[in-house]
Structure formats: structure tokens, C-alpha cells
Amino acid sequence: MVLYVNRHLRSIKRLKQQGICIKDNNQHSNRTIRLLIVNLMPKKIDTEFQFLSLIGSLPLDVTVDFLHMKSHKPKNSDSAYLAKAYKTFHDIQELTYDRVIITGAPLEFIPFSEIHYWEELTKIFSYTHQHAASTLYICWAAVAGLYYHHDLKKLTTVRKIFGIFPHTICEKHDLLNGLNNGFLMPHSRYVYLNEAEINQVAQLEILIKSKEAGITLVKSKDNRHIYLTAHPEYEKDTLQKEYERDQKHGIRVQPPKNDNLTAPWLEHAKKFFENWLNL
């Protein structure tokens, strides 16, 4: 099927090499799914490719816009590129989207109030509640979203939750159609969720969890907010690259558990994203 994206995205060439049909987002029709991806990750082009590669493999026509934080100047992406290829909150605040993804960010040990773009990000959190049918919060963003919407405190661990883990389905839901107990997802984080605290919030329900990785998927009962602590978008070598990066910077971390360069989770990831986009 077709991905309609900004023609300046640097990930386009690689996507086309994978056989994904790419067209300029000015050509899209109103019949496509409109998706906004708020890219908070440091290596923005890698993250662009990961999500677009996954979504572009689905039997759906999707128009994708990327958004960056105007109040943050990233070290790994030049401002001229972001100005051409990305939108800001000012650009989209009057628009509506069918779906929004808010990515993770390496901010686990920084209090929310000390994140210099926190105010801008909370405007986006509020915006999605009124202007998007469903929002998917990934990894750190899941913890941040639950804090913003439900005042659930952030919990951190010294030992990184790092690897590919099987999951147990706690509640049947359309998001999990085609997935069975034991399906895999990668994790890479120092934050986690408290099951007892989530169970005290009437608007929330836990859909999947992992013996090793903890609570993985939580959603609001109206399906408007989906909180996922995993990284289903990761490529087959992403965990290994993160491990090598941490080693290079002197961070003591164990190798990713159950890592497998055949990427056995990717079919599960495709099914999950297709379910969500069709929800």
C-alpha cells in the first residue's frame, strides 16, 4: 500500500529500497489514515525509518506527519532539516488526526518538571485528547502520559529492562487480535509501571504484561490513549547498537536478553500496529 510523507524525509531512500511505496503527502486523499508521529528520540532519522518501515508494510494507505519539539534543539539532527521535514505544535494545533504516536526518549532519570520541553509536550498531550481518535505512547512517553493524564508516579530501576521478552495477555481486546500468549516485543528502559496503582484507576485497564519486563500495555477504556512500554518498532540490530553505545559511554549494562538478529517480534509488531490503526 502507500505511505504519503514529506518529500524531505531522509529515510525515504531506504524505505523505497525495501519496496515500500512512497508518495508526497500533498497527493494524499481524504480516505487515508492520518497519522502524526511526535518524534522525541535523539536519532530522529533512525526512528523515522523504524516506524515508517513497519507501517509501510501494512495493507493500509497512511498519511504521516512528523512533529518535533520547537523548544528543544537536538544534538543529532540539524535545525534546517527539521524545518523542512517536520511540523511543530503551532503548525498542527488546529488539525485533527486519526492516530498519534508519541515516541520514547532517554529521560528516565530526569523529573518531568525539569525537562525543558515538558510544557510544550503537555500541550501535545492535551491536544491529542481533543484532536485524535487514539494516541499511542511508546516507552518513556507511556510513563509520562500516565503521569500527565492520571497522576501515576514514575518508577525507575537501576537494572535496565533490556531485551526481547514474551508476554501474557491479561484481557482480550481488538488490539491483540491475531496475537497469542508468548508473543514477543523488545524492551529498553529504566522505568516501569506499578500494577496495583494502575488497577486503582477506573478509566484504565491492563492488556498485557511480562514476567521479566512487567506491565507492557495499558489503555484507557475508551481506547483514546494506549500506553506501551515496549519498542515494537525496533529493527533487528537496535538493541545491540544500544548496548554498544552504552558500553562506549562507560554505562554498565548487561547485554540484551534473548536478543535475536532474526527479529522474531516483527510479525507481532505488524499485527499490533495493524490492529491499532484499524481500531
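Here, every reference points to the structure presented above.
Residues numbered from 1 in each chain as written. Predicted model: local features only at pLDDT ≥ 70, side-chain atom pairs only at ≥ 80, totals over all residues. Heavy atoms only, no water.

Student: How should the overall build of the chain be read in this particular structure?
Tutor: Tallying secondary structure elements over the chain gives nine helices and twelve strands in all. Against the globule reference of 19 Å for 279 residues, the chain gives a C-alpha radius of gyration of 18 Å, in line with a compact fold. Reported as C-alpha extents along the three principal axes, the dimensions of the chain are approximately 45 × 45 × 40 Å. Looking at the chain residue by residue over its 279 residues, the buried ones come to 54%. Within the chain, residue pairs in contact and separated by at least 24 positions form 74% of the contacts whose partners lie at least 6 positions apart. Across the chain, 36 positive and 30 negative side-chain charges occur, with their mean positions spaced 4 Å apart. (Helix = DSSP H or I, 4+ residues; strand = E, 2+ residues; numbered from the N terminus. Rg over C-alpha atoms; globule rule 2.2 N^0.38 Å. Buried < 20%, exposed > 50% of the residue type's maximum accessible area, 1.4 Å probe, protein only. Contact = heavy atoms within 4.5 Å. Lys, Arg positive; Asp, Glu negative; His and termini not counted. Charge placed at Lys NZ, Arg CZ, Asp CG, Glu CD.)

Student: Hey, could you run me through the environment of Lys 257 in this one?
Tutor: Note that Lys 257 resides in the loop between helix H8 (238-248) and helix H9 (266-277). Linking Lys 257 and His 187, residues 70 residues apart in sequence, is a C-alpha distance of 9.6 Å. Apart from the residues within four sequence positions on either side, Lys 257 is in contact with Phe 162, Gly 163, Ile 164, Phe 165 and Glu 212.

Student: Even after reading the chapter, I still don't get the sheet that holds strand S4 (residues 62-67), so can you show me in this structure?
Tutor: Hydrogen bonding along the main chain pairs the strands of a sheet, whether they run parallel or antiparallel. Strands sit in the order S2-S1-S4-S3-S5-S6-S12-S11-S10-S8 across an open sheet of ten strands; the sheet is mixed. At either margin of the open sheet sits one strand with a lone partner, and together these are strand S2 (21-24) and strand S8 (168-169). Of the strand pairs in this sheet, strand S1 (residues 2-5) and S2 are connected by four bridges, and their pairing is parallel. The residue of S2 that forms the bridge with Tyr 4 is Lys 23. (Pairing = 2+ DSSP bridges.)

Student: I tried to follow the nonpolar core on my own but got confused; where do I start?
Tutor: If you look at soluble globular proteins, the nonpolar side chains tend to sit buried side by side. Ile 101 and Phe 273 are the most contacted members of the largest nonpolar core, which has 54 residues in total. Excluding residues within four positions of it along the chain, Phe 273 makes contact with Phe 51, Leu 54, Ile 55, Leu 58, Ile 101, Leu 136 and Pro 232. If you look at the next biggest cluster of nonpolar residues, it comprises 38 residues, including Ile 92, Phe 125, Ala 142 and Leu 152. (Core = buried A, V, L, I, M, F, W, Y, C linked by side-chain atoms within 4.5 Å.)

Student: Teacher, can you tell me more about the pattern of salt bridges here?
Tutor: Between side chains of opposite charge, pairing is possible as soon as their charged atoms come close. The final tally for this structure, using the stated rule, is twelve salt bridges. Measuring nitrogen to oxygen at the nearest pair gives 3.1 Å for the salt bridge that ties Lys 209 to Glu 195. A residue pair is termed long-range when its members are at least 10 positions apart, and Lys 209 in strand S10 (residues 204-210) and Glu 195 in helix H7 (residues 195-199) qualify at 14 residues. Here Arg 245 and Asp 246 are joined by a salt bridge, their closest N and O atoms 3.2 Å apart. The class of Arg 245 is partly exposed, set by a relative accessible area of 38%. (Salt bridge = Lys/Arg side-chain N within 4 Å of Asp/Glu carboxyl O.)

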